[in-house]
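A structural walkthrough
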Amino acid sequence: MRNNFITSISDYNLQPTGNVKAKGFSNIALIKYWGKYSKQIPANPSVSFTLSEAFTQTELKFKEKRGNKTNIQVFLDGTNQPDFAPKIEKFFQSIIDYIPFIHYYDFEVHTHNSFPHSSGIASSASGMSALASCLIQMEEEFGYKNEKAIEKASFLARLGSGSASRSLYPGAVVWGETAEIEGSNNEFSISINHRINPIFQDFQDCILLIHKGKKRVSSTLGHQLMNEHLFAEQRFKQAHQNLKILLKALEQADIDTFIRIVEKEALSLHAMMMTSDPYFILMEPQTVKAIQEIWRFREETGEKICFTLDAGANVHVLYPKQSEKNILTFINERLKSLCENQEMLMDYVNQKI
Ligand code: PMV
């Protein structure tokens with residue numbers, strides 16, 4: 001392993017009880033991560049924008065352990081959620097070498113999402129990045145000075161949910177090794193925000209909530225299906241190529257190329273799901289309609305607007321801040337009615353973590 005954040009219990013000055021708080025933001029991938037090897041090593045590098053308005057606020061309370069087994073309780077908006085505890089237990093087990101004091105405590109995890117529950121917005125990236133930041137704060141409370149605290153938080157978040165590793169940094173972020181970016185690696189994300197042109201730094205993301213509710217296919221299963229996928233190797237190669245082209249477009253304010261690559265990535269991700277075994281269609285008719293409306297509007301007006309998708313039916317509409325006025329009129333007139341209960345989330349690239 002190139003980087004390793006292993007510590008020993010003697011590195012810490014443990015406290016009997018306490019609490020820490022952190023906020024974790026959602027992110028939207030431009031180059032998609034879909035397919036992984038063991039220990040959450042991505043099959044290809046990915047690039048994302050961190051978002052501002054979609055976040056998870058987490059408070060982690062800890063108390064010296066009573067029994068043999070670590071007791072973990074999870075509360076969402078104040079309500080105990082026993083179903084969530086096993087996922088956190090599994091996460092804590094996977095990071096025990098890096099945060100060895102987990103053994104010594106019982107925990108209460110109190111979380112609140114800024115976006116509506118069951119909106120189809122994945123809470124794993126924001127949730128796991130918030131929790132990882134809480135653990136890093138615990139290290140600090142215990143007197144452990146870590147100069148690479150953000151990198152370690154990203155490293156830990158990755159073990160909870162791959163895409164969460166990107167949520168620790170503002171702006172544009174890369175996770176996964178690529179020859180194009182010095183310092184990029186498979187274990188934690190790094191910022192590439194300094195390389196992107198200002199036009200992209202305040203890009204807007206209007207999330208069309210086409211289908212609220214739980215995703216039909218978990219990303220765990222989706223990643224797994226890439227193991228046996230006939231097109232996997234070609235897809236991983238394509239992601240590398242697309243990353244190289246996108247990076248240049250981000251640096252040179254080449255919005256047309258940005259649009260071409262971002263949309264191609266979204267459709268390639270869905271093409272993988274449509275051709276896996278078993279196969280899935282995660283788009284809804286309104287997803288396709290929204291894409292067609294965006295293409296039509298772009299053709300009619302020349303506005304620099306495009307879409308991306310995650311592993312679900314919701315559509316992320318991306319556009320420069322400077323075109324906001326015209327584009328918002330278009331969104332309200334032609335896209336809003338395609339959303340469940342006409343609900344949308346207005347978000348934008350986060351520059352303030
Ligand atoms: O981090 P996971 O395991 O939930 O996977 C995320 C996968 C996508 O959202 C579809 C793509 C990405 O890179 O975020």
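Criteria and cut-off values
- Residues numbered from 1 in each chain as written.
- Predicted model: local features only at pLDDT ≥ 70, side-chain atom pairs only at ≥ 80, totals over all residues.
- Heavy atoms only, no water.
- Helix = DSSP H or I, 4+ residues; strand = E, 2+ residues; numbered from the N terminus.
- Contact = heavy atoms within 4.5 Å.
- Areas by Shrake-Rupley, 256 points an atom, 1.4 Å probe, with all protein chains shown as cover.
- Lys, Arg positive; Asp, Glu negative; His and termini not counted.
- Charge placed at Lys NZ, Arg CZ, Asp CG, Glu CD.
- Core = buried A, V, L, I, M, F, W, Y, C linked by side-chain atoms within 4.5 Å.
- Buried < 20%, exposed > 50% of the residue type's maximum accessible area, 1.4 Å probe, protein only.
- Domains from an automatic or database assignment.
- Near = heavy atom within 4 Å.
- Polar contact = N/O pair within 3.5 Å; in protein donor to acceptor, adjacent residues only side chain to side chain.
- Nonpolar A, V, L, I, M, F, W, Y, C, P; charged D, E, K, R; others polar.

As annotated in an unreviewed UniProt entry, the chain carries the name Mevalonate pyrophosphate decarboxylase and comes from Candidatus Ornithobacterium hominis.

This paragraph deals with the overall build of the chain. Counting its regular elements, the chain contains 9 helices and 13 strands. Taking the principal axes of the C-alpha coordinates as reference, the chain spans close to 65 × 45 × 40 Å. The contacts in the chain between residues at least 6 apart in sequence include a share of 76% that link residues at least 24 apart. Total accessible area computed for the chain in this model is approximately 16,100 Å², and 49% of it derives from carbon and sulfur atoms. Taken together, the 38 basic and 40 acidic charged side chains of the chain have centroids lying 1 Å from each other.

The next thing to look at is the nonpolar core. Ranked by internal contacts, the top residues of the largest apolar core, which has 75 residues, are F49, F92, I95, M138 and F258. Looking at this core, the element that brings in the most residues is helix 2 (residues 124-141), giving 8 residues. Among the domains, domain 1 (2-195) and domain 2 (199-348) are the pair contributing at least three residues each to this core. Formed by 23 residues, the second largest nonpolar core is a distinct cluster that contains I305, V317, F330 and M344.

Turning next to the site of the ligand. For the ligand, the set of nearby residues contains 13 residues, the closest of which are Y33, S163, R166, S219 and H223. In this structure, S161 approaches the ligand through a side-chain N or O atom, which is 3.1 Å from an oxygen atom. With respect to the ligand, the side chain of S163 contributes an N or O atom lying 2.7 Å from an oxygen atom. In the complex, the protein chains occlude 90% of the 380 Å² of accessible area that the ligand would expose alone. Split into classes, the residues belonging to the shell around the ligand amount to 5 nonpolar, 6 polar and 2 charged. Both domains that furnish three or more residues to the shell around the ligand are identified here as domain 1 (2-195) and domain 2 (199-348).

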